[in-house]
Amino acid sequence: MSEEEKDKRKEAVKEQQANYWIEERYEIIEGVRYDFLSSPRVTHQMLVTELYASIRSTCHANGIVLVAPMDVHFDENNIVQPDLIFIANENLHIIKDGWVKGVPDLLVEILSPSTGSKDKVRKKIIYERFGVKEYWIVDPLYSTIDQLVLVDGKYRLEASYGDEDTFTSPNLTCISIDLRQLFQEAMRFNEHTAE
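Residues numbered from 1 in each chain as written. Predicted model: local features only at pLDDT ≥ 70, side-chain atom pairs only at ≥ 80, totals over all residues. Heavy atoms only, no water.

Draft legend 1. Quick peek at unusual backbone geometry. At the junction of Ala68 and Pro69, the peptide bond is cis and its omega measures out at 0° in the coordinates. Position of Pro69 among the secondary structure elements: in the loop between strand 3 (63-67) and strand 4 (72-75). Positive phi, close to 55°, is recorded for Glu30, a residue that is not glycine. One non-glycine residue, Asp97, lies in positive phi territory at about 55°. Looking at where Asp97 falls in the secondary structure, it is placed in the loop between strand 7 (95-96) and strand 8 (99-100). (Helix = DSSP H or I, 4+ residues; strand = E, 2+ residues; numbered from the N terminus.)

Draft legend 2. Spotlight on the nonpolar core. Counting residues in hydrophobic clusters, the biggest one holds 28 residues, and the most contacted among them are Leu51, Ile55, Trp136, Ile175 and Ile177. For this core, the elements supplying multiple residues, two or more each, are helix 2 (42-59), strand 6 (84-88), strand 9 (106-110), strand 10 (134-139), strand 12 (154-161) and helix 4 (179-186). The biggest single contributor to this core is helix 2, with six residues. The residues touching Ile177, leaving out its near neighbours within four places in the chain, are Leu51, Ser54, Ile55, Trp136, Asp165, Thr166, Phe167 and Leu182. Core analysis: the second largest hydrophobic core is formed by 17 residues, Val80, Ile87, Leu107 and Val132 among them. (Core = buried A, V, L, I, M, F, W, Y, C linked by side-chain atoms within 4.5 Å. Buried < 20%, exposed > 50% of the residue type's maximum accessible area, 1.4 Å probe, protein only. Contact = heavy atoms within 4.5 Å.)

Draft legend 3. Broad picture of helix 3 (residues 116-130). Along its 15 residues, helix 3 runs 20 Å from first to last C-alpha, staying within 8% of the 21 Å computed at 1.5 Å per residue. Maximal helix bending in helix 3 amounts to about 40°, located at Lys123. Looking at helix 3, one finds that the buried residues are Gly116, Lys118, Asp119, Lys123, Ile126, Tyr127 and Glu128. Of the residues trailing helix 3, Gly131 is marked for its positive phi of about 90°. (Expected span 1.5 Å × (residues − 1). Bend = angle between axes of the 7 residues up to and from the residue.)

Draft legend 4. Geometry of the pairing of strand 6. Burial of strand 6 is extensive: five of the five residues sit out of reach of the surface. Residues Leu84, Phe86 and Ala88 of strand 6 are buried on one face, and the alternating residues Ile85 and Ile87, pointing to the opposite face, are buried as well. Here five bridges tie strand 3 to strand 6, and the two strands are oriented antiparallel to one another. Bridge pairing in strand 6 places Ile64 opposite Ile87. Of the pairings in the sheet, the one linking strand 6 to strand 9 comprises three bridges and is antiparallel in character. Bridged to Ile85 within strand 9 is Leu107. (Pairing = 2+ DSSP bridges.)

Draft legend 5. Molecular detail of the packing of aromatic side chains. With the rule as written, the count across this model stands at six aromatic pairs. Between the aromatic rings of Phe74 and Phe130, the centroid separation amounts to 4.8 Å while the plane-to-plane angle is 15°, which identifies the pairing as stacked. A residue pair is termed long-range when its members are at least 10 positions apart, and Phe74 in strand 4 and Phe130 in helix 3 qualify at 56 residues. Between Tyr127 and Tyr135 the ring centres are 4.8 Å apart and the planes differ by 85°, which places this aromatic pair in the edge-to-face class. Judged by its relative accessible area of 0%, Tyr135 falls in the buried class. Taken together, Phe74, Tyr127, Phe130, Tyr135 and Tyr155 form an aromatic cluster joined through their ring pairs. Above the plane of the ring of Tyr26 lies Arg33, whose end atom (NZ or CZ) is 3.8 Å from the centre. (Phe/Tyr/Trp six-rings, centres within 6.5 Å; stacked < 30°, edge-to-face > 60°. Lys NZ or Arg CZ within 6 Å of the ring centre and 35° of its normal.)

This is the structure:
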């Protein structure tokens, strides 16, 4: 290889400066924009991953499971990004042009310090109003899941599960999650245990 060819080859692999577009992440609730302040911590993402795997392994024939970031468009004033979404086969028609535009069967939020009150109050009101059949609020700090089920247009606390329980669903009979295993796996990287 000649010196000229070597020089050209070196230039071909040099790093180049570029501007990379980073998509803004936000939700719109009752017409108000809420920006995500930072990316989630490892414990949060482990819970999302483990819940996804648990639901996917037993319910894959019954529908699809999606994870954030994925917008759910209820209407133009209410666009949310739940941590986990389940849409039953009979409701797959709400996926239009590659987006979720309608009411999923199950939404899951994992609490974090920056989003906890919004998840427990504002989103609960929206999910109830639009008719989401089931809403889970996962609390990594206390290793619990509150299961809200829509009954006559209002959420009823079906059960509060702890890390000793097996989680089941009245709406999605395919779900059975060993919460000891779920929380144990996710909490391996809990930022409080590293101190």
